[in-house]
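A look at the structure
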Amino acid sequence: MKRVTLLLICLFIGAGPIFAGTVLEERQAQNKRTRTSPNIYKVTAKTGVAFRIQTAVGYTTTIDLPEEAMKVFVGDADLFKVEVYDRQVLIKPMTEFEDARTNVTLYTPSGRLTFDVTVGSPDTADFVLDFRYPEDDVMVQNEFKTKLEAKKAELETVYQEKEKKQDGFVRELAEKKFEDGIKNGAFTKNLNKSVKRDGVKLKLLSLVEVGNMSYLRFSISNNTTRDYAIERIVAGKETVRWSWFSLRKDGFAPVDTSENIARIIPPHSHRYGLLSFEKISLRKNERFLLRLFEQGNDRPLEINKIPVEAK
C-alpha cells in the first residue's frame, strides 16, 4: 500500500511540469509567437484572433503596442487590474483564484485586439508581449528590393562592356559583395513624433538607413467622417536663425523623394506610408521637416526637427 501511495505521489508531482509545458505550448501555437527570451514574446497583431494571455499572482503582464491604445474594455475589473500608458497596456491579477478568467478588448487607430486572460503559474506566465503589425516592415523591404534590383541592372550594364575580359564568377562575386554591403549597413531609429489637427493625425514611426538611402516610415490616421485625400507630401531642409531672442525662418529647400502610400484615406481608418530619399546631412542652422498637404487645403500637417541619421 505504501508503495502504491508513493508511486501516485511521484506521478502527480511529475505531471506538473508536463502539464505546464503543454499549456504553454498550446498558447504559443495559437498565438503563433516568437520567443525572444523566457516569458517574453513577439506577436503579430491580427484583428480576427482572440489572443490567449496567462498572468500570474504578484506579476505584471505588459502588452507593447506599435501605436497608442485609444480605448480599453475589461470584462471583470474586480479580477484583473488593467492600466494604459500610451502604447503600453499593463495587466495584473487582483485575485489568487487560479480559475480566474476574463476578456480584454483594446482599440488602436489600426483596429481591434482581443485577449482571453487567465491566471496561472509564473513559470508559464507572459511577462511581455511585443506586438507588431505585419505590414510594418514589408514596405521597407519591398522598397529595398526595388532599389537593389535597379542597382543590379546598373551593374549589369557596366559589366556587359567588360564581359569579354572577365568571367561570370567575378561578376557574381562583385554583385554579392554589393548586396551584402547594403544589408550589413542597415540602421534603424524609432521615432515618436506626431501632429494632429481636425481629426487627422500624422505620425513618424521610424527612420531606416540602407546603403546611401534613407527610408522614413509614417502613418496617417483619419478619424473623421470623410475621405482624406493626399495632394502631396513634401520633405526638405529648412534654414533658421535666431534674431533678438526669436527664431526666424530664412528659407526652405525640398529634397527629391519617392513615396509609397494610398492617396485616399477612408473615414475612421489608418494607413502606413514610406518616404525614401538619398541620405542627407544637416548644418547647424538647418532642420529637416515633413509636410502633408490635403487636397483643397493650404494648411499642411507639419513635423519638423526630424533626425536624418539612424545611427
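Please refer to the structure higher up on the page.
Residues numbered from 1 in each chain as written. Predicted model: local features only at pLDDT ≥ 70, side-chain atom pairs only at ≥ 80, totals over all residues. Heavy atoms only, no water.

Along the backbone of the protein chain there are three helices and 20 strands. Within the protein chain, the proportion of its 311 residues that are buried is 38%. Contacts in the protein chain between residues far apart in sequence, at least 24 positions, make up 62% of those at least 6 positions apart. When the accessible surface of the protein chain is summed, it comes to about 18500 Å², and 53% of that surface belongs to carbon and sulfur atoms. (Helix = DSSP H or I, 4+ residues; strand = E, 2+ residues; numbered from the N terminus. Buried < 20%, exposed > 50% of the residue type's maximum accessible area, 1.4 Å probe, protein only. Contact = heavy atoms within 4.5 Å. Areas by Shrake-Rupley, 256 points an atom, 1.4 Å probe, with all protein chains shown as cover.)

A word on the pattern of salt bridges. Opposite charge on two side chains allows them to pair when their charged atoms are near. By the definition in use, this model includes 12 salt bridges. Glu238 is paired through a salt bridge with Arg287; the nearest N and O atoms lie 2.9 Å apart. Of this pair, Glu238 sits in strand E14 (residues 228-243) while Arg287 sits in strand E19 (residues 286-294), and the two are 49 residues apart along the sequence. In terms of burial, Glu238 and Arg287 fall into one category: buried. Of the charged contacts in the structure, one is a salt bridge between Arg291 and Glu302, with a shortest N-O distance of 2.9 Å. You can see Arg291 sitting in strand E19 and its partner Glu302 sitting in strand E20 (residues 301-303), a full 11 residues away along the chain. Ionic contacts of the salt-bridge type, sharing partners, join the residues Glu238, Arg287, Arg291 and Glu302 into one network. (Salt bridge = Lys/Arg side-chain N within 4 Å of Asp/Glu carboxyl O.)

This part takes up the nonpolar core. Formed by 25 residues in total, the largest nonpolar core has its most connected members in Leu216, Ile220 and Leu290. Those elements giving two or more residues to this core turn out to be strand E12 (200-210), strand E13 (213-222), E14, strand E18 (269-278), E19 and E20. Not counting residues up to four positions away in its chain, the partners in contact with Ile220 are Val200, Lys201, Leu202, Ile230, Ile261, Ile265, Ser269, His270, Arg271 and Leu292. If you look at the next biggest cluster of nonpolar residues, it comprises 23 residues, including Val43, Ala45, Val89 and Leu106. (Core = buried A, V, L, I, M, F, W, Y, C linked by side-chain atoms within 4.5 Å.)

This next bit is on the sheet that holds strand E9 (residues 111-119). Across the sheet, four strands lie side by side as E3-E9-E8-E5; this open sheet has mixed pairing. Every other strand in the sheet has two partners, leaving strand E3 (50-55) and strand E5 (71-74) as the edge strands with one partner each. For this sheet the average axis-to-axis angle between neighbouring strands, irrespective of direction, equals 25°. Note that E5 and strand E8 (residues 101-108) share four bridges and pair antiparallel. Bridge pairing in E8 places Phe73 opposite Thr105. (Pairing = 2+ DSSP bridges. Axes fitted to C-alpha atoms, helices over the stretch in contact; angles between N-to-C directions.)

By convention here, two paired aromatic rings are described through the distance between centres and the angle between planes. Inspection of the entire model under this criterion finds six aromatic pairs. Centroid distance Phe51 to Phe115: 6.0 Å. Interplanar angle 35°. Geometry classified as tilted. Of this pair, Phe51 sits in strand E3 while Phe115 sits in strand E9, and the two are 64 residues apart along the sequence. Here Phe51 and Phe115 have matching classes, each one buried. Relative to Phe288, the ring of Phe277 lies with its centre 5.4 Å away and its plane at 35°, an arrangement referred to as tilted. Taken as a pair, Phe277 in strand E18 and Phe288 in strand E19 lie far apart in primary sequence, 11 residues in all. The exposure class assigned to Phe277 is buried, which follows from its relative accessible area of 2%. Overall, the relative accessible area of 1% leaves Phe288 in the buried class. An aromatic cluster is built from Phe51, Phe115 and Phe131, whose rings are joined through pairwise contacts. When the ring centre of Phe293 is taken as origin, the NZ or CZ atom of Arg232, which lies over that ring, is 3.8 Å away. Above the ring of Phe252, the side-chain terminus of Arg291 is found at 4.5 Å from the ring centroid. (Phe/Tyr/Trp six-rings, centres within 6.5 Å; stacked < 30°, edge-to-face > 60°. Lys NZ or Arg CZ within 6 Å of the ring centre and 35° of its normal.)

Burial of E18 is extensive: eight of the 10 residues sit out of reach of the surface. Relative to E18, strand E16 (residues 258-260) runs antiparallel, the two sharing three bridges. Bridge assignment links Asn260 to a residue of E18, and that residue is Leu274.

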